[in-house]
Amino acid sequence: GIYLYGVLKRSVGEACTDLKREYDQCFNRWFAEKFLKGDRSGDPCSESFRTYQRCVHKAIKDKDIPIDGVEFMGPSKDKPET
Amino acid sequence: MKIWSTEHQFSYPWETVVKAAMRKYPNPMNPSVIGVDVLDRGLDSRGRLHSHRLLSTEWGLPSIVRAILGTNHTQTYVKEHSVVDPEEKKMELCSTNITLTNFISVDERLVYHPHPENPDVTVLTQEAIITVKGVSLSSYLESMMARRMSANARKDKNTADKWHLSRFLQRKKTILEQLNVL
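If you're wondering where the values come from, they're calculated on a predicted model, not measured in any experiment. (Residues numbered from 1 in each chain as written. Chains lettered and ligands numbered in written order. Predicted model: local features only at pLDDT ≥ 70, side-chain atom pairs only at ≥ 80, totals over all residues. Heavy atoms only, no water.)

Visitor: Outline the packing of helix α2 (residues 17-33) of chain A against helix α1 (residues 14-22) of chain B, listing residues and values.
Guide: The contact between α2 of chain A and α1 of chain B brings their axes to 11 Å, and the two run at 165°. By the angle between their axes, α2 of chain A is roughly antiparallel relative to α1 of chain B. Considering only the axes of α2 of chain A and α1 of chain B, their crossing is right-handed. Seen from α2 of chain A, the contacting residues are F27, F31 and A32 of chain A; seen from α1 of chain B, they are V18, K19 and M22 of chain B. (Axes fitted to C-alpha atoms, helices over the stretch in contact; angles between N-to-C directions. Helix = DSSP H or I, 4+ residues; strand = E, 2+ residues; numbered from the N terminus. Parallel < 35°, antiparallel > 145°, perpendicular 65-115°, else oblique. Left-handed = near helix turned anticlockwise from the far one by under 90°. Contact = heavy atoms within 4.5 Å.)

Quick look at the structure:
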């Protein structure tokens, strides 16, 4: 039962969970304090995001999770410009 | 195929609800989501934030279904695309399962926007299309999934109202409630 609470915080790659938390913390702060308040400066978390991404994409590949080519019924067709 | 939709109102401004929605996983009130990762994220030319996330979920299929599927592999992956438009004050979120797709598909769409007459109230509209492949199990499973969607939607409302704005005791109670369910 209680263990669920710990399990809930994980990343798909067990090794990525700490990196994920670090990135999430950075992102959540930017999202709440800058983005939603109309501050258009870019998000400052790109470095922690890249480190976290490398880990996650490796885990996804290792676990053979089919993340590509998914059609959504939704939202707008515009692609992000990153 | 079952189409299911609902609407909720939160007694909080849009910003508050959207912050909660972005952080809703991991969340002890929705035990079916056991992990979440950001796959890609960026701003578009209109200043909207796009996020692609991978959710690891436990659907909690009944054991009879697991037996028929011939697997204990009820961990399913869901891909989610959300768009937050801070000017229009709209958050749209679409998700679909990317595993067990030969068997079932659950496409869900959520939109959060301020109440047109009251900026302190946020409206959530939620719709889902559930398709189960195969004949005999279909209607039973579709109804079951639709019921789960309803239950999860109620949790979502609780989530934004209580979890993120939370108190420790609230959380503790929820976990204990889960213990009873488990």
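Having put the structure on the table, let's press on.
Visitor: Tell me about the confidence of the model for chain B, residues and numbers included.
Guide: Residues and elements named next belong to chain B. Across chain B, the average pLDDT comes to 73, with 60% of residues at or above 70. When the elements of chain B are averaged for pLDDT, helix α4 (residues 168-181) gives the smallest value, 35, and strand β5 (residues 90-97) the largest, 91. When the criterion is pLDDT under 50, residues 160-182 qualifies, and its contacts beyond four places in sequence or with other chains add up to 40 contacts. Listed scores for the predicted complex are pTM 0.73 and ipTM 0.77. (pLDDT = per-residue confidence, 0-100.)

Visitor: Give me the lowdown on unusual backbone geometry, citing residues and values where you can.
Guide: For D64 of chain A, which is not glycine, the phi torsion reads 60° and is therefore positive. With respect to the secondary-structure elements, D64 of chain A resides in the segment after α3 (46-63). Overall, D64 of chain A belongs to the exposed group, its relative accessible area being 66%. Phi angles above zero are rare outside glycine, and K89 of chain B is one such case at about 55°. Along the chain, K89 of chain B falls in the loop between β4 (75-85) and β5. (Buried < 20%, exposed > 50% of the residue type's maximum accessible area, 1.4 Å probe, protein only.)

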